[in-house]
Amino acid sequence: MALISEADQARIAAAVAAVEARSAGEIVCVIAGSASDYRSVPLVWAALLALAVPWPLISLLHLSAGTVYRVQLGTFIIAALVLSLANWRFAIVPGFVKRRRAGQAAREQFFAQGLHRTRARTGILIYITEAERHAEIIADDGMAARVDKSFWRRQVEVLVAALKQNRPVDGLVTVIEACGDVLAQAAPVAPDDKDELSNRVVLL
């Protein structure tokens, strides 16, 4: 995960506090280095590669079964070790797997951060994962019913663009500030409103 300085964390927290001062929304930002370590993916690719090895060895070189087995085993071990290196591991994970795992991780964080327990069901999770360059915004029922889905989709696009440019903090602050007017209109702050969740960014 890219280094998030104390100043960056304070900047995000201040943006959240400003929005929450104007609306009943409760925003929690989570920045994850990755949604998963994908430890099993290199093994799958190594196994597929090893399974493909015997055919050319048998048909072209006419090697014995024992030799083919040893080459196949060596191929699996070497491929598994090389593909387990961080840079390779993330590169070989299919895009749909990354998106699915990131979406699952976001839902887990929604509950882990207590966003489902706000008094008026106005919790909003802004989740980004840097390795996958993926973003999710999950709004609880009380807020999702008041804000058009297209607004959340546009903010996700802003976050993803910022991630691709290695500007996760800028993206978060831009999206949080964009939420200000929308949330103030959709769910204005009540006289007895209180800050139910921490404004501090969660780093995973």
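Look up a bit, the structure's there.
This text gives an overview of the structure that appears in the document. Quantities reported herein were computed from a predicted structural model and do not represent experimental measurements.

1. Digging into the overall build of the chain
Right, on to step 1. A tally of regular secondary structure across the chain gives 9 helices and 4 strands.
Right, on to step 2. Rg of the C-alpha trace for the chain: 23 Å, well past the compact-globule value of 17 Å for 204 residues, more than 25% over.
Right, on to step 3. Taking the principal axes of the C-alpha coordinates as reference, the chain spans close to 80 × 35 × 25 Å.
Right, on to step 4. Across the 204 residues of the chain, 44% fall into the buried class.

2. Some points on the nonpolar core
Right, on to step 1. Ile12, Cys29, Ile124, Ile126, Trp152 and Leu183 are the most contacted members of the largest nonpolar core, which totals 30 residues.
Right, on to step 2. Take this core: its biggest share by element is 7 residues, from helix H9 (residues 168–186).
Right, on to step 3. Excluding anything up to four places from it in sequence, Cys29 contacts Ile12, Val16, Ile126, Leu172, Ile176, Val201 and Val202.
Right, on to step 4. Listed in part, the 14 residues of the second largest apolar core include Val28, Val30, Ala32 and Leu125.

3. A look at the packing of aromatic side chains
Right, on to step 1. Taken as a whole and judged by the stated rule, the model has 2 aromatic pairs.
Right, on to step 2. With 5.5 Å between their ring centres and 85° between their planes, Phe110 and Phe111 make a pair best called edge-to-face.
Right, on to step 3. Ring plane angle 70° and centroid distance 5.1 Å describe the contact between Phe151 and Trp152, whose orientation is recorded as edge-to-face. For the residue pair Phe151 and Trp152, the accessibility class agrees, reading buried in each case.

4. Digging into the packing of helix H2 (residues 40–52) against helix H4 (residues 65–83)
Right, on to step 1. Contact geometry for H2 and H4: axes closest at 8 Å, N-to-C directions at 150°. In terms of orientation, H2 lies roughly antiparallel with respect to H4. The element H2 and its partner H4 pack so that their crossing is right-handed. Contact residues: Pro42, Leu43, Trp45, Ala46, Ala47, Leu49, Ala50 and Leu51 in H2; Gln72, Thr75, Phe76, Ala79, Ala80 and Leu83 in H4.
Right, on to step 2. Looking at the contact of H2 with H4, its residues break down into 12 nonpolar, 2 polar and no charged.

5. Things to note about helix H6 (residues 95–112)
One turn of the α-helix equals 3.6 residues, which is why residues spaced by three or four share an orientation.
Right, on to step 1. The end-to-end C-alpha distance of H6, which contains 18 residues, comes to 25 Å, matching closely the 26 Å that a straight helix rising 1.5 Å per residue would cover.
Right, on to step 2. Along H6, the positions that sit buried rather than exposed are Val97, Lys98, Ala102, Gly103, Ala105, Ala106, Gln109 and Phe110.
Right, on to step 3. Each element contacted by the buried residues of H6 is listed here: strand S1 (26–32), helix H5 (86–91), strand S2 (123–129) and strand S3 (134–139).

6. Digging into H4
Right, on to step 1. With 19 residues, H4 extends 26 Å between its outermost C-alpha atoms, agreeing within 8% with the 27 Å of an ideal straight helix rising 1.5 Å per residue.
Right, on to step 2. Where H4 is concerned, the buried positions are Val68, Thr75, Ala79, Ala80 and Leu83. Down the axis, H4 shows its buried residues gathered within 120° of arc, on one side only. Away from the buried face of H4 by more than 90 degrees, exposed residues Tyr69, Arg70, Ile78 and Leu81 are located.

Rules and cut-offs
- Residues numbered from 1 in each chain as written.
- Predicted model: local features only at pLDDT ≥ 70, side-chain atom pairs only at ≥ 80, totals over all residues.
- Heavy atoms only, no water.
- Helix = DSSP H or I, 4+ residues; strand = E, 2+ residues; numbered from the N terminus.
- Rg over C-alpha atoms; globule rule 2.2 N^0.38 Å.
- Buried < 20%, exposed > 50% of the residue type's maximum accessible area, 1.4 Å probe, protein only.
- Core = buried A, V, L, I, M, F, W, Y, C linked by side-chain atoms within 4.5 Å.
- Contact = heavy atoms within 4.5 Å.
- Phe/Tyr/Trp six-rings, centres within 6.5 Å; stacked < 30°, edge-to-face > 60°.
- Axes fitted to C-alpha atoms, helices over the stretch in contact; angles between N-to-C directions.
- Parallel < 35°, antiparallel > 145°, perpendicular 65-115°, else oblique.
- Left-handed = near helix turned anticlockwise from the far one by under 90°.
- Nonpolar A, V, L, I, M, F, W, Y, C, P; charged D, E, K, R; others polar.
- Expected span 1.5 Å × (residues − 1).
- Arc of directions from axis to C-beta.

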